[in-house]
Structure formats: structure tokens, C-alpha cells
Number of protein chains: 4
Amino acid sequence: MKLVHDPVHGYIELDEFARRLVDTPEFQRLRRITQLGFAFLAYPSARHTRFEHSLGTFHLAKKIRTYNPEIEEGALYAALLHDIGHYPFSHTLEGLYPRHEENALWVIENGSVGDIIRENYSIQEFKKLLKHPLVSGDIDADRMDYLVRDAYYTGAAYGVVDLERLVRNLKFDGKMLVVEEKGIMAAQNLLLSRAMMYPTVYFHHTAKIAEAMLRKAVELEEIALEEIRLMDEIDLVSRLRNSEKVEVRELIRAIDDRKLYKRVYCSNKELDEKTISTLKRELQEEFGHSALLDYPPKPKYEERNAFVKIGSKTKRLSEVSPLVRSLVEMKDVYWRWCVYAREGIREKVRQFLSRFF
Amino acid sequence: MKLVHDPVHGYIELDEFARRLVDTPEFQRLRRITQLGFAFLAYPSARHTRFEHSLGTFHLAKKIRTYNPEIEEGALYAALLHDIGHYPFSHTLEGLYPRHEENALWVIENGSVGDIIRENYSIQEFKKLLKHPLVSGDIDADRMDYLVRDAYYTGAAYGVVDLERLVRNLKFDGKMLVVEEKGIMAAQNLLLSRAMMYPTVYFHHTAKIAEAMLRKAVELEEIALEEIRLMDEIDLVSRLRNSEKVEVRELIRAIDDRKLYKRVYCSNKELDEKTISTLKRELQEEFGHSALLDYPPKPKYEERNAFVKIGSKTKRLSEVSPLVRSLVEMKDVYWRWCVYAREGIREKVRQFLSRFF
Amino acid sequence: MKLVHDPVHGYIELDEFARRLVDTPEFQRLRRITQLGFAFLAYPSARHTRFEHSLGTFHLAKKIRTYNPEIEEGALYAALLHDIGHYPFSHTLEGLYPRHEENALWVIENGSVGDIIRENYSIQEFKKLLKHPLVSGDIDADRMDYLVRDAYYTGAAYGVVDLERLVRNLKFDGKMLVVEEKGIMAAQNLLLSRAMMYPTVYFHHTAKIAEAMLRKAVELEEIALEEIRLMDEIDLVSRLRNSEKVEVRELIRAIDDRKLYKRVYCSNKELDEKTISTLKRELQEEFGHSALLDYPPKPKYEERNAFVKIGSKTKRLSEVSPLVRSLVEMKDVYWRWCVYAREGIREKVRQFLSRFF
Amino acid sequence: MKLVHDPVHGYIELDEFARRLVDTPEFQRLRRITQLGFAFLAYPSARHTRFEHSLGTFHLAKKIRTYNPEIEEGALYAALLHDIGHYPFSHTLEGLYPRHEENALWVIENGSVGDIIRENYSIQEFKKLLKHPLVSGDIDADRMDYLVRDAYYTGAAYGVVDLERLVRNLKFDGKMLVVEEKGIMAAQNLLLSRAMMYPTVYFHHTAKIAEAMLRKAVELEEIALEEIRLMDEIDLVSRLRNSEKVEVRELIRAIDDRKLYKRVYCSNKELDEKTISTLKRELQEEFGHSALLDYPPKPKYEERNAFVKIGSKTKRLSEVSPLVRSLVEMKDVYWRWCVYAREGIREKVRQFLSRFF
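I will try to describe carefully the structure that is included in this document. These numbers come from a predicted model, not from an experiment.

**A look at the packing of helix α12 (residues 205-221) of chain A against helix α15 (residues 246-256) of chain A**
Residues and elements named next belong to chain A.
- Running from amino to carboxyl end, α12 crosses α15 at an angle of 155 degrees, the nearest separation of the two axes being 9 Å. By the angle class used here, α12 and α15 are roughly antiparallel. Regarding α12 and α15, the two cross each other, and that crossing is left-handed. Note on element contacts: α15 touches α12 through E247, V248, L251, I252, A254 and I255, opposite A210, M213, L214, K216, A217, L220 and E221.
- Class assignment for the residues of the contact of α12 with α15 results in 10 nonpolar, no polar and three charged.

**What about the relation of the copies chain C and chain B?**
- When chain C is fitted onto chain B, the two copies agree to an RMSD of 0.0 Å after a turn of 180 degrees and an axial shift of 0.0 Å. In short, the pair behaves as if placed about a two-fold rotation axis.
- Mapped onto chain B, 100% of the interface residues of chain C are again interface residues, and the two copies thus contact each other with one and the same surface.

**Observations regarding the interface of chain A and chain D**
- With 34 residues of chain A at the interface, the matching set in chain D holds 34 residues.
- For the interface between chain A and chain D, the tally reads six salt bridges.
- Residues D235(A) and R241(D) are paired through a salt bridge, measuring 2.6 Å at the closest nitrogen-oxygen approach.
- For the pair chain A and chain D, the number of links is 17 residue pairs in polar contact (both at pLDDT 80 or more).
- At the level of elements, β1 (2-6), α2 (25-28), α3 (50-67), α9 (141-154) and α14 (233-241) of chain A are the ones that each hand at least two residues to the side of chain A that touches chain D.
- When grouped by side-chain class, the residues that make up the side of chain A that touches chain D number 14 nonpolar, seven polar and 13 charged.

**Observations regarding the pattern of salt bridges**
- Throughout the structure, instances matching the rule amount to 108 salt bridges over all chains.
- Its salt-bridge partner being R19(C), residue D23(C) comes within 2.7 Å of it at the nearest N-O pair.
- With a relative accessible area of 23%, R19(C) lands in the partly exposed category.
- Connected via shared salt-bridge partners are R32(A), D232(A), D235(A), R241(D) and D256(D).

**Some details on the interface of chain C and chain B**
- Chain C puts 34 residues into the contact, and the matching count from chain B is 34 residues.
- Interface area, chain C with chain B, both sides summed: about 3,100 Å², of which 51% is carbon and sulfur.
- Considering only the surface of chain C that becomes buried against chain B, H5(C), R31(C) and R47(C) emerge as the three largest contributors, covering 20% of it.
- Linking chain C to chain B there are six salt bridges.
- Elements with a minimum of two residues in the side of chain C that touches chain B: β1 (2-6), α2 (25-28), α3 (50-67), α9 (141-154) and α14 (233-241) of chain C.
- Looking at the side of chain C that touches chain B, the element that brings in the most residues is α14(C), giving five residues.
- Across the side of chain C that touches chain B, the residue classes tally to 14 nonpolar, seven polar and 13 charged.

**Digging into the state of the cysteines**
Residues and elements named next belong to chain A.
- The final tally for this structure, using the stated rule, is four disulfides over all chains.
- Disulfide pairing is shown between C266 and C338; the S-S distance is 2.1 Å. Because the torsion about its S-S bond is 110 degrees, the bridge between C266 and C338 counts as right-handed. Within this pair, whereas C266 is found in strand β5 (residues 262-267), its partner C338 is found in strand β9 (residues 337-341), the two being separated by 72 residues in sequence.
- The exposure class of C266 is partly exposed, given its relative accessible area of 26%.

**A look at helix α5 (residues 100-110) of chain C**
Residue and element names in this part refer to chain C.
- Listed in full, the buried residues belonging to α5 are H100, N103, A104, V107 and I108. An end-on view of α5 places all buried positions within 140 degrees of arc, on one side of the element.
- Tucked inside the fold, the buried residues of α5 contact α2, α6 (112-120) and α7 (123-129).

**Considering the packing of aromatic side chains**
- Within this structure, the stated rule accounts for 84 aromatic pairs over all chains.
- Ring centres of W337(B) and F357(B) lie 6.0 Å apart, and the angle between their planes is 40 degrees; this geometry places the pair in the tilted category. Note that W337(B) is positioned in strand β9 (residues 337-341) and F357(B) in the segment after α19 (346-356), a separation of 20 residues in sequence.
- Look at W337(B) and you get buried, because its relative accessible area is 1%.
- The interplanar angle of 45 degrees and the centroid separation of 5.9 Å between the aromatic rings of F38(C) and F40(C) together place this pair among those described as tilted.
- Cluster of aromatic residues (ring-pair linked, three or more members): Y265(A), F287(A), Y295(A), W335(A), W337(A), F352(A), F356(A) and F357(A).
- Lying over the aromatic face of F51(D), R31(D) brings its terminal NZ or CZ to 3.9 Å of the ring centre.
- Lying across the ring of F40(D), R47(D) places its NZ or CZ 3.8 Å from the centre.

**A closer look at the pairing of strand β8 (residues 313-316) of chain B**
Residue and element names in this part refer to chain B.
- Across four bridges, strand β7 (residues 307-310) lies against β8 in antiparallel orientation. Across the sheet, V308 pairs through a bridge with K315, a residue of β8.
- Here β7 folds back onto β8 in antiparallel fashion, the turn holding two residues, of which G311 has a positive phi close to 60 degrees.

**Things to note about the sheet that holds β5(A)**
Residue and element names in this part refer to chain A.
- Read from one edge to the other, the open sheet built from three strands follows the order β5-β9-β6, with strand pairing classed as antiparallel. Each edge of the open sheet carries a strand with a single partner, namely β5 and β6 (291-294). Averaged over all neighbouring strand pairs, the angle between strand axes comes to 20 degrees, with direction disregarded.
- Here β5 pairs with β9 via five bridges, running antiparallel. By the bridge assignment for β9, Y265 is matched with V339.
- Across the sheet, helix α16 (residues 273-287) is in contact with β6 and β9; its angle to β6 comes to roughly 165 degrees.

**Considerations on the side chain of D162(C)**
All names here are of chain C.
- Relative to the helices and strands, D162 resides in the loop between α9 and α10 (163-168).
- The buried charged residue D162 lacks any salt bridge partner; its closest oppositely charged side chain belongs to R165, at an N-O distance of 4.5 Å.
- There is a polar contact of 3.2 Å between the side chain of D162 and the backbone nitrogen of R165.

**What about the environment of N305(A)?**
All names here are of chain A.
- Locating N305 in the fold gives a position in the loop between β6 and β7 (307-310).
- Its relative accessible area of 45% is what places N305 among the partly exposed residues.
- In sequence terms N305 and S136 are 169 residues apart; their C-alpha atoms lie 9.2 Å from each other.
- With residues near it in sequence (within four places) discarded, N305 still touches D138 and R316.

**What to know about helix α9 (residues 141-154) of chain D**
Residue and element names in this part refer to chain D.
- Over its 14 residues, α9 extends 20 Å from the first C-alpha to the last, a length consistent with the 20 Å expected when each residue adds 1.5 Å.
- Counted residue by residue, α9 has 13 buried out of 14 residues, so it is predominantly covered.
- Positive backbone phi, at 80 degrees, marks G155, one or two positions downstream of α9.

**Notes on the relation of the copies chain A and chain D**
- Placing chain A over chain D gives an RMSD of 0.0 Å and needs a rotation angle of 180 degrees, together with 0.0 Å of translation along the axis.
- Both copies contact each other with a shared surface, as 100% of the interface residues of chain A are interface residues in chain D too.

**Things to note about the sheet that holds strand β9 (residues 337-341) of chain C**
Residue and element names in this part refer to chain C.
- A sheet is described by the order of its strands in space; here three strands give the open sequence β5-β9-β6, paired in antiparallel fashion. What marks the edges here is a single partner per strand, and that holds for β5 (262-267) and β6 (291-294). Going across the sheet, the axis of each strand differs from the next one's by a mean of 20 degrees, ignoring polarity.
- As paired strands, β6 and β9 are joined by four bridges and run antiparallel to one another. In the sheet register, L292 faces β9, and the bridge partner there is Y340.
- Of the strands in this sheet, β5, β6 and β9 are in contact with helix α19 (residues 346-356), which crosses β5 at around 20 degrees.

Procedures and definitions
Residues numbered from 1 in each chain as written. Chains lettered and ligands numbered in written order. Predicted model: local features only at pLDDT ≥ 70, side-chain atom pairs only at ≥ 80, totals over all residues. Heavy atoms only, no water. Axes fitted to C-alpha atoms, helices over the stretch in contact; angles between N-to-C directions. Helix = DSSP H or I, 4+ residues; strand = E, 2+ residues; numbered from the N terminus. Parallel < 35°, antiparallel > 145°, perpendicular 65-115°, else oblique. Left-handed = near helix turned anticlockwise from the far one by under 90°. Contact = heavy atoms within 4.5 Å. Nonpolar A, V, L, I, M, F, W, Y, C, P; charged D, E, K, R; others polar. Least-squares fit on C-alpha atoms with pLDDT ≥ 70 in both. Salt bridge = Lys/Arg side-chain N within 4 Å of Asp/Glu carboxyl O. Polar contact = N/O pair within 3.5 Å; in protein donor to acceptor, adjacent residues only side chain to side chain. Buried < 20%, exposed > 50% of the residue type's maximum accessible area, 1.4 Å probe, protein only. Buried area = accessible area lost by both parts, 1.4 Å probe. Disulfide = S-S within 2.5 Å. Arc of directions from axis to C-beta. Phe/Tyr/Trp six-rings, centres within 6.5 Å; stacked < 30°, edge-to-face > 60°. Lys NZ or Arg CZ within 6 Å of the ring centre and 35° of its normal. Pairing = 2+ DSSP bridges. Lys, Arg positive; Asp, Glu negative; His and termini not counted. Expected span 1.5 Å × (residues − 1).

Structure below.
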């Protein structure tokens, strides 16, 4: 039994199988994948990685299983590995490549981590466990860890959640994790905290700009999926720094030195697919890598998958809680797309946009 | 300059005038007035008093004034004394006597604390300051202190608020404290935290029952307003323990030993004034002090008094925030009245109630 | 299984037997015995009681037993009850009456708490358990709880200890709790923290003065052991407030209003028994209750009872740690006796003392 | 005035001059210099960087100056830049290159950070400020920040210090920062905390091994001082990963994958210079990069530079505090040199060493 010290959970215990999974190159690589992408440009202390978060998720999954011993053991190791497929800077590059969940399947099939799994599980079986409610619901071990951890590392006051109470009141009913009556307030608090973390931390405009710049650099560098699959942030950044294309070198240099592009225009009016691609193309033609459209997917915190047990009935939390219901509206308040540009050409881009619309 | 160590704010500085106010018997008495009444029967660690809270409110008021130097200095001392009129166990007895704000006026006029105030202020002027927005809005120094403090002492995860950000973004516009744009999320979090503290801490049924029992005991003991005005909890409890009436002694003994009455019936349907008083009278006739109606006033957290500045316009926070809007609904979910009774007669009371309605 | 929320340990689980012990009048009385006596006059927030501390000690004892299942179960309930004999204001009155450990034996033999114990244990057997290493060593559950708790409630930075690591590295060898190698640093930190809490909190002069004043009042009031045994702070203070002796009323009034006596003279030179009693008598004759000698017992933090396991050998921690060794010296730096007096007569007392020595 | 959110200090204010210094490439580079080198291999969460620490040091320096307005303003900017010369992985490479303080002088003279400084200060003058007591004493802003920060990020219980009290009780006497009487306990706690951080965090053997391996890789790669001066960790690691020498690639791969060398032999007996270099040479000849001698300099926490004011006299803290005195001894307990080797050849290295000595 190996003990890992963690400021969020105290001590995390790793059994021998978990320890061996952690000791693979694929898992150690997570130490070099920042949990919150470029959030550290706005919150300098947000330097935590997918490594700690994965250990924390495993830890909470194990605690939930203490109260739900019918959960199969394999789900714990799936919780440990649920983020194994993340690309450098976490979600930043998911627009350009398959989602990290898909990449995880590839890593598990092809990495040494898969060799260890095969000792006890078939890969097919294990792939299913990666979608276990322990790590894929609206109230799950993954989310419980990252919220509290992100709050700890950013110093944001929003992500303080009574994890102990929540863990004690999550019941696995064979298909999903249901919150029992005594845990409702804590569950509600978790969803609210998350909703408040979005505009203040996860969608902080400084991070969004740097992420859009990195995406552009990676796009221009034309890094193949085969290459990016197992890159860490050192590989990626040094590749871009040493690019043959001056635009790529300029972009990564600007990120490194925090000479970021500025917002030229933001809006929360949705655009149709065609407008988006036309706008993108014309910006590229007119301004090259100096002006960028950032059109993020609408956030999905509809909280549809949080279920609670009231008496003998299972209901959606949004049915019982007006607060949770209002989160859907809140989403619309904070979502928006933007055009960013290099400081010197802001005015020109502004004129271009007013002509475009 | 005197320094007081406080686990919530670090160090609280008291200037000479504040120190002299604190050193009066009326203010020292607040050390023996529990902040949260009988909440400690549910959260044993909630033993903090109006004394610490008053110092904390003064501290925050002073910080707010740093960013709003046009606030008059006297408002700080009003913040310090805003709770000077509390009766034993804080809000518990307010149904039987004038509200604590009224009692505060009496204490200030008649106590040695008033003599000190008169050195610098007229009493009339000071009374007005007691309604200053620093301590009487929906987002004010009073509320900011008690939420964070109550969370600290109960261990509840709900009251964690970014006070620093809020303080830096409160602007006094001559009439009220308005939240500036950068403080909106923190303000929203404050109101949400408060809304979650209500059902879990402030309205915890264990505390409610003990409070109803104490009210009954005080009612039976027929303590005059003149007596209660300056009583502390030691005076009150020992008076009840030594009462000539056996019912009073039984009630306080039951509270002391935590042999509390049980809930017989609860409902969130409102009753009209007449029904309430009939029910109360009939319960008294039938069961004496062994059955109690607890019909609390509906909570007033409509958040009508929280204002924010969006661009150049001042708006209600509830207008901009769907989350805050939903708090009004939440109120209705958690408010309810109950009938409590001594363990042995629960069944009889239940039957009585089914006949009554 | 009952859960109690505690800001220090999160949730404390009480099994049925523990719950029944907690629900006795003797145990509930601990809610009205302040953990740190009059420390709240210096640290206003130090309002925690022996009740929470007793629950916390039980909680830690149970955790230690998880790693040492050979510890008998009864020792846990002894941990729960180890402070049941405390008088009002904790250690304040121990100079006048038998130590609280002795009073505990009386309470257990005569209280309803004893009736419950007898269901599973003989009283003789249980009395032995009260001296179990779980609550009577230099590194034990009692000390681990109070240090961390006192730090939390005072806000002092000294009592932060890695309890989890310590708990995991305490081994019961049949006679005592021995710290294993991996826990040495945490154990050392516990002892250091305690040593720093002494001068800053436990021996804070403001608390010491109020305690000396209370002792004098109780002495003058001539409260018999039979009366004090089960008094809570409400009983005691109201008894003194209503005393027939004006001196007693004056003393308690001065404590209530925090109009404390002042230090006239302090020294760390030891006095012999005879000098102490002569000085005391002459002060009484000359100044009545207006001047007080406070000659506290020398603190016993020689740390003789902390043992560690180095390889296969059990050694005293003081043998291996120069830091712990130096604590003995530190003790001598901070211990001292004082004479306090009412503000108005300080000069006279000073003259008296210079004649006396 | 720019505000930076920091979980340790709340909000850090940067004035315009500070903000411009922060916005240079040299300062932004500190975001990619890990504060604690490879400590994250033992404490996964220790991912904080010299960037946050530099801001925190500036913040504390400013607070100290509030109570000591005679400190010249330039010393604050020196505090901000005091770590600008750190190489990748902080102290790890200082054995191979000039100390980071010397490199800082070069960076300031040659970097764009120097251009900004020159607007207000002569470089000569500024270089002197880098040795200001604010950042070069035993109790200074630098140390105060890193201890509390390292404790926060590792979760270690040792580095909790009452910074507020210390700041309020540091007096600049023209030559150094002297601790006033009320701050002695906090100062003592700072030094103790540091002493406990050494064996548990700073000298954790896992980090020491990885650091020795990195040093070897850098040595073999023969990176010139001119190259390393402004490298960040991305530059260095990718350089080593892409080395032409297989040994270098093996070493960095082993660090990346956490397949670390093992301890073969450790001792706290000092060796003379000649023995050290002979041992080093022979190990290299016999085992190449597969066996490493790690002979760290003896730690210098003699605490000679912590001064306190007792009455009107300035004394060394070690004179007044037996605890601090004992820290010197403690040093000797924990210092040691080791030989590490690749797992497969441990036995051979052991035999070699027994022949050598």
C-alpha cells in the first residue's frame, strides 16, 4: 500500500495494481498536462496537473465504493485512468483532434498501461468501465475532485463542497449514482459551485485568448494525430518554438511572454455553421494568424444527469431545486464567442467585422 | 490601537474610541449571547457569540470605508454596536419582546455605552447611523461577517465567500452600497450561501425545537421586558432553573439535558392569524407546556436590497441573476411551521391535530 | 450510527453505545464547560467546550484503533468520557478541589452515565481504562484533538499538526502508544506546537488573571466539593453573582465586565511552600480580595512519555530529537508566578511586596 | 493598479512599475521554473513556480514597508526580482553553474527587465538592493512567502506561520529587520517550520535522486553557461530528450517516467574534498552515468541572522530561544550524502563502495 500526500484529500492510498498503473510512462505523462490549460495566465497559482486530479478521482471513487460495495472494483481503475487521453493543455486542443475520451481508448489499447490492465480485465470490458457513473455523471468522483481542487489551486471561493457528506449520500442503483435526501444540499452546492467557476475561472478571457492562439499555432504546424496522442506540454511547446514557420514561432513566443491578443468583439448571439466557417476563412485570408475567431461549444451544464431520491422516488435534481433549474439560464448569460487580434491591428479587424455583419 | 486575534479575519484593529465602547458592561455582555441560539445542539461547535461577530462587522465596515472614504466615521461605531440589543440566545425570544434593533436603542440611551457615544455624537444622530447601509442592506458588513463566521464555526461548506473581492467592489453611492461589476459573482455567492445556510443551519429542526421550548418557558415565567433587556444567558437560564413553576423547570431541564420534544406535524401551508391563535390556545388548554406550535415568520430573503452597477446603471441583482431570482422560490421550499410535543404524548397530539384540521 | 458535524474532523460517527453515553445529563453538561477557561478574554473566539473536545478525542481514539485492533473497545468509551469530571472553566478550580480525573471517577460511579457503562463493563474495569495510553500519554488522542481544536478556535498558527500521518504511525505495543519512524516528524511537531501554545494561549496573562480572580471568589464563597462536582458554568456564575458576600459579587462582576486586576509583580524564581503560604496569608490580611497571588504549578511538558520506534528499538523521543529536548528548557523560560491587584491599589501592593522580599 | 489572485495571500496588488517588470519575458519565464525542483515526484501537488513566489515576496515586502516607511521603495522591486536568475528546476543545477544570485545580476544587466529598472534606478544601486534585508535575512519576506507557500502546495503541516503577526512586529533598524518582542513566538515558529520542511520536503530522497540524475544529464550534455542562463524547463528538458548522447536521453527518460535510481549507500560522515573527487571519478570510470554521488552542501540554517529586540537590546534569536538553538543540532541529524545507482547494478556498486572505503 503506497501513500501519496495530497493537500486536498490528505492521504491517498494506492493499492499495488493502482501503483503499477501510476508507474507507467503514459500515466507519468499526466504530470506534464496542466489541469486547467492556460488558466494560470489569469490565476498564476493554477499549476496543478491531470496527475493529481486522477489520483484524487480514484480516491473519491474508492470512498464512494465503501458505501456501495456492489460497484465492481474495475471501475476504480477506470476512474484512475479516465483522463489518460488528455492532450497538452487539457481541453485546449479538443477542437482539432478527437475528444480526449477517444484518445484514452487508443492509449489504453496501445500503451504499457494496457498491458497491466489485461492482466485482470479484457480491454473491451475496461473500455465500458470508462463510462461508469463513477466518472460520467453530473455528480461523480471526477467532478467532485476537480471542483474542490481547482478552487484550492486558484484560491477561488466557489468550489468549496462538503465532499464527505456527498460521498456518504451517493447510492449506486445499478445504473447511476443517486443522491439521497441528506445529500441534496451538498449536491446542489456542487452544481452551483461549478456554475460559478465557469465564468470566473474556466472561461476567463485571458485563458481563452491564449488557448485560441495555441490552437492556431498547432493548426498551422499541422501536427498529426499520431504525433499529438502522447505528447506532453514540453514536446508540444518546444516543437512550436522550433517550428519552421515564423507565424508559429511568433504565436508561441507571444504566449510564453504573455503578450496576448486582445478582444476585438464578443457576442452571445449564436451563429450558424456556415457563417462561422465563412468568418473564419475570411479572417484568415485578411489577417492571417493575427486575428482569431473563438467560437466555443455551448456549455452543457444542464444538470440533466443529477438524480436524487425523495422518499422512494428517483427524480431529477433540477425538478426539485429551483436553484439548479436556474443554472440553465445562467449558462446563456455567460456563454459567448469572440474575435481576438494582435494589439496593432485591432482597429482594422473591428472595421472588417462591422463590414462582415 | 488594540489588536484582537480572530480566526476569521486574522487581526482586528480597535481604535481608542472603539476600545472604550467594547470595554462597557453592555458590550461585554455580548460574550454571553450565543450567535446562533441553540444551533449548537445540532452543530456542537457553533459556540461563537455576538461579541466576536460585532468585532468582525466593525472590521469589515472599516475595510469597506477604506474604499469609500465619504462614509461618515460614526457609521463604523454603529456597525460595532448594531447587535447590542440582542436578548439571550439571539433571535429566539424576538417573538415575545420588541425586536433587538428596538432594544438596542434602549440600551444605547440608558447604558454606559451611551455615555461614551455622547462624547462625539448626539444620540439622535447615532440612532440613524444604526440603519446605515453598512449594516442594513442585503449585502453589508453584518451579513458578510456572520455568513463566513457561521460557516467557520459550524464547519458548513456553504458560507465561503470571497470577502476581499466583495469589499473592493462595494461602492457607497450616498444612499446604499452598490456592487460593482467585478464583484457580482462574489455577491451572488454570498446570497446563495445564505440561502443554503437557512435550511441546513439556521432552520435546523433541532435548534427550532429547543428555541420553541425556551420561548414557552420564558412565556410561562412571565419575565418582564425591563428584566430581559440586559439579561445574559447565565441570568436567563439560572432564572428558569430556579423558577417556582415546575413546568418552567421541566422545560429548561429538558433543554439542558437535550431531551427535546419531537416533531408531531409539519406543514408549509400558511395559516391565517385566527387559526394560529386558536390552535395555540387549544394546544395549551389540552396539553399545557407539553405541546408547542412553532409558526416562524416567513423568511425575507427576497434579496430586494442587493443592487449592482452594470455599466452606468444601477439594477437589482435579482434582475441580472437568474440564480438570485430563484432564491425566492427556494424560500418557499424550506419554510414550514410545526407542532412539537413531549415524546410520550406524540400520538395524542397527532390525533388532536387531525381533529383540529 | 449517528453523525456529528465537526469543523475540525469533518464528521464524527457515534455508535449506539456512544450515543447513549452522550445523551446523559453528565455528558451534556460538558457543553457548558469552556475548554480553555477564560482564554476567551484574550482570544474572543475561543468559545469551544469540553463537549466537542470529548467527541473529537473519541473520534481520534477510534481511528488509532483501526490501525491497532488489539486495543480493547472499552478504551474508546473511556476516551469519550475522559473529561467528564471537569469543573466549570476547566482547569481553573483544580487548585481548590481534587483533580478532574478524580472527580470523573465520582461522576461515573454516581451518575446515569455509570448505569450505561455497567451494562457492558464493571466500574472497576472501566476506571482502569480511563488511564489507557489512548488518553494518558504524551502523544495521545486527547492531546491530538485539543491542540488542533484550540488552534482552530483561537486562530493561533501553532497547533497545526498532521493528525492523519500521526494516527497511521502510532503502534500500541500492549503498554503504550509508540510512534513509528515515519511519524516522528509529526510527533515532534505536536510537542512543539503544544510548547508554543503554552505561553501564547494557555498561559496568556489575561486568562490567568481572570482565573485567579474566579478562584478567589469561589474560595470566599466556600462552595463545597459536593456542590461543585456537577455544576456547570451557569450554576457557578449565577451562584457567585447572587452571593451574600459583597467581595464575591465584586469579583464576578469584574470578570463579567472584564475590569480585570493588573499584574503588580511577576517572577520565575521558585518559592518554597512556606513562603508561598505566608505571602498568600499576608496579602489576604492586608488587601483582602483585592490582591492575589497566582503561583501555578510548573508545567510538566518534559515529554518523558513520548516514545518512538527506531529500527527495532523503542526510545524516548527526547533522546532522538534535540528539538524536543530543548522543550524542557523552554518551560523554564515561560513559567512564572505573579501577584495581581485591583487597579487602584497597585502601588500599595508593590510597596508591600518590596517589604516582603 | 493590477490585482492578482493568490490562494496564499488573497489578492496581490501590483503598481504600474511592478506590472511592467512582471510583463517582461525574463519574469514570465519564472512561470516555467518549478519552485521546488523535483519535489513533485514525492508531493505531486508541489507544482508551484518561482513566478507566484516572486509575487508573494513582493507582497510581503510591501506589507513590511507599511510598518517601516523608511525602507526605500526600490527594495520592493528588488524583492520582486530576487529570484529572476534561477535556472530550470531552481536550486538543482547550482552546483554546475554560478549561484542564481549571480545569474540574476547578469539577467538584470542584459535583459529587458533591466531597461525598465534603468528608468528609475542605476543598475549599481539596484544590485545593492538585491541584498536588502527584506530578502536576505533569516527572517525576511522571501522566506516568509516560500515557507507558507510550500506548505500550502505540498499539504505539509509544518509551514503554518502567523505572517500577519510577524509582519507587524518586524522593525527595520537601518541595517536589518529585527523582530520585536510580540513577534518572537511567530519568528521562532517560522524557523522551526523551516527546519521541519528540510527533511520532509526539501531533502526528500526521491527529489534528491531525480536532481542528481538531472545534474548528471546536464553535465554530460555540456550545456554552456551562456545557454542555460535564460533557459526555462521546456528548453532544458527538450534539449536533453533530443540529445545526441544516449546516456543523456536515458537519464531524462528515466526522470520523465519516474524510473529513478535507488539509494545504494548513505552516510552523514563528512568526506574531505579529495575523497569526494576521487570517489566521483572512480564511480564515473566504473559505472558511467549509472551510479551517482550526491554530496550536498551542509545546510546553513544556523539561524545566525535572526535578531530580536528584548527591551532596548538587540539579541540573536538563538540566544533567547533554546528551541532555535537546538536547530543547529537538528541539521546534523538530517544532513547526509548518498550514492545512487540504476536498479540493476545496485549490488555491484555496493561492492565497489565497500572496497573503496
